Structures are given as structure tokens and as C-alpha cells.
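Chain by chain, the residues:
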Amino acid sequence: GNSVTQMEGPVTLSEEAFLTINCTYTATGYPSLFWYVQYPGEGLQLLLKATKADDKGSNKGFEATYRKETTSFHLEKGSVQVSDSAVYFCALSHNNNDMRFGAGTRLTVKP
Amino acid sequence: EPEVTQTPSHQVTQMGQEVILRCVPISNHLYFYWYRQILGQKVEFLVSFYNNEISEKSEIFDDQFSVERPDGSNFTLKIRSTKLEDSAMYFCASSSTGVGGGEQFFGPGTRLTVL
């Protein structure tokens, strides 16, 4: 079945460090891929998405590229800020539209 | 900016009791979802709902669960006889399209604690 595996946390970085959170997926066909972010005490917010191979999603300095050949959708940011501290979820959605989430990666950015 | 709202934010109940979790999706959305997240674990799909009926459900969504859209604004999840293992954060979501790739907007969640 469809599933997502993402890098286990927690991840702790200093401000302005480079961030990578790995995500790989297993799916039949061509799912859409997402990164959601959950700030403390809040719900899930869509961070970025990509709907087909080689698409790059980007938002707030974060980027992820849909790589069909490696079945990956790694999240990157060149310079993290304290305000980026949150839990990040990789997810996929297929035609039946149920969203399959990874386990989440907690990121803490220290000043 | 329109948002999905959920009530209550925290519900405590005794094992065997019925609970109803409430959600108000974004007003022009047509597709509605429930997810749950057991503490420390991944977010899991429970059910999707469209046109007043369930369109998809996971193996978690057994006979003790039901969903309803009782009026034009609310979307509810009922757990008939709660078990300890139902303790989790329950998220409601809605989207304007049912095609894969449409953004789902999530509510802040209801934390259910079963004692």
C-alpha cells in the first residue's frame, strides 16, 4: 500500500544552519506529495506540495523536489530560523484522496 | 482567512462512554476528513466524506466510529463506546476538491483522553 517514511528526529540545529529532512515514499502510480508543518499548539498547515515528477514545491524558504527515480521528496532550507521550530510531516495523497503521513520530524532551532 | 475549527480542544471521558467530536469545515469545501494521532505516533487517516456519505475509510474506522454532517456547517465524529486506545489527538480537515493533490486544510485538533 501507499506509505511514507521520513527521517526520525528530533533534529536540533543552530540558527542559519542548513536543514534537510529526508522523506521517501512507496506508492502505485503517481501520488501527490506534501510537507505539512505543525507549530506548537496548532494544527497541521500545508508548507508545500508537488503533484508530479520533477516538480519543486517551495514556500517560506523551504524547498522539496519530487524525485520519481529515488521515490523521494526531501525537505530543505538553506538557513533556518528559531521560528522554524516545529514538527514537519511528509505526506502523500493518491486518487482516493486519503492523506498518508510520515511519523513526523521535530525540529528545534537554537539561537 | 477561513479556517477549520474544532471543539472541544480537550475531551476527557470514561472508558465505555460515547463521545462526539465536532468540526466546522471551511464553508465552501465539499470534502471532509478525520485523522487521528496517537501520542508520539504518526497521523493516521480515518475517514473521508463527500456528498453526505463516506467515500473512503481506513481499517481503523470500525463499527464503533461514525461520521455525520447534521447541518450545513458541522461535521462530527462519534465514538460509540470509547476504549483506552482511542486516546489520541483527532484532526478534522476539509478540501474544495476530491482529486489527489488538492490541499487539505486542518483544524487545530481535539485531544481525547479516555480514562
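Refer to the preceding data block for the structure.
Residues numbered from 1 in each chain as written. Chains lettered and ligands numbered in written order. Predicted model: local features only at pLDDT ≥ 70, side-chain atom pairs only at ≥ 80, totals over all residues. Heavy atoms only, no water.

Asker: What is the right way to read the state of the cysteines from this model?
Answerer: Two cysteines, two sulfur atoms, one covalent bond between them: this is a disulfide. Throughout the structure, instances matching the rule amount to two disulfides over all chains. Residue Cys23(A) pairs covalently with Cys90(A) via a disulfide, S to S 1.9 Å. Disulfide Cys23(A) to Cys90(A): torsion about the S-S bond roughly -70°, handedness left-handed. With a gap of 67 residues between them, Cys23(A) in strand E4 (residues 23-26) and Cys90(A) in strand E10 (residues 86-93) connect regions that are remote in the sequence. A relative accessible area of 0% places Cys90(A) in the buried class. There is a disulfide in this structure between Cys23(B) and Cys92(B), and the S-S distance comes to 1.9 Å. The S-S bond linking Cys23(B) to Cys92(B) shows a torsion near -65°; that makes this disulfide left-handed. Separated by 69 residues along the polypeptide, Cys23(B) in strand E3 (residues 19-24) and Cys92(B) in strand E9 (residues 88-95) bring together distant segments of the chain. Look at Cys92(B) and you get buried, because its relative accessible area is 0%. (Disulfide = S-S within 2.5 Å. Helix = DSSP H or I, 4+ residues; strand = E, 2+ residues; numbered from the N terminus. Buried < 20%, exposed > 50% of the residue type's maximum accessible area, 1.4 Å probe, protein only.)

Asker: Would you mind showing me how to read the interface of chain B and chain A here?
Answerer: Interfaces are frequently sized by the accessible area removed from exposure as the parts join. Taken together, the 21 residues of chain B in the interface contact 22 residues of chain A. Inspection of the chain B/chain A interface yields zero salt bridges. If you look at where chain B meets chain A, you find two residue pairs in polar contact (both at pLDDT 80 or more). Those elements giving two or more residues to the side of chain B that touches chain A turn out to be strand E4 (31-37), strand E5 (43-50) and E9 of chain B. It is E4(B) that contributes the most residues to the side of chain B that touches chain A, three residues altogether. Across the side of chain B that touches chain A, the residue classes break down as eight nonpolar, ten polar and three charged. (Contact = heavy atoms within 4.5 Å. Salt bridge = Lys/Arg side-chain N within 4 Å of Asp/Glu carboxyl O. Polar contact = N/O pair within 3.5 Å; in protein donor to acceptor, adjacent residues only side chain to side chain. Nonpolar A, V, L, I, M, F, W, Y, C, P; charged D, E, K, R; others polar.)

Asker: Looking at this structure, I do not really get unusual backbone geometry. What am I missing?
Answerer: Leaving glycine aside, a negative phi is the common case for residues, and trans is the common case for peptide bonds. Gly9(A) connects to Pro10(A) through a cis peptide bond whose omega is -5°. For Pro10(A), the location among the structural elements is in the loop between strand E1 (3-6) and strand E2 (11-14). Cis rather than trans, the peptide bond between Thr7(B) and Pro8(B) has omega equal to -10°. Phi at Asn52(B) is positive, roughly 65°, even though this residue is not glycine. For Asn52(B), the position within the fold is in the loop between E5 and strand E6 (53-57). By relative accessible area, Asn52(B) is classed as exposed at 59%.

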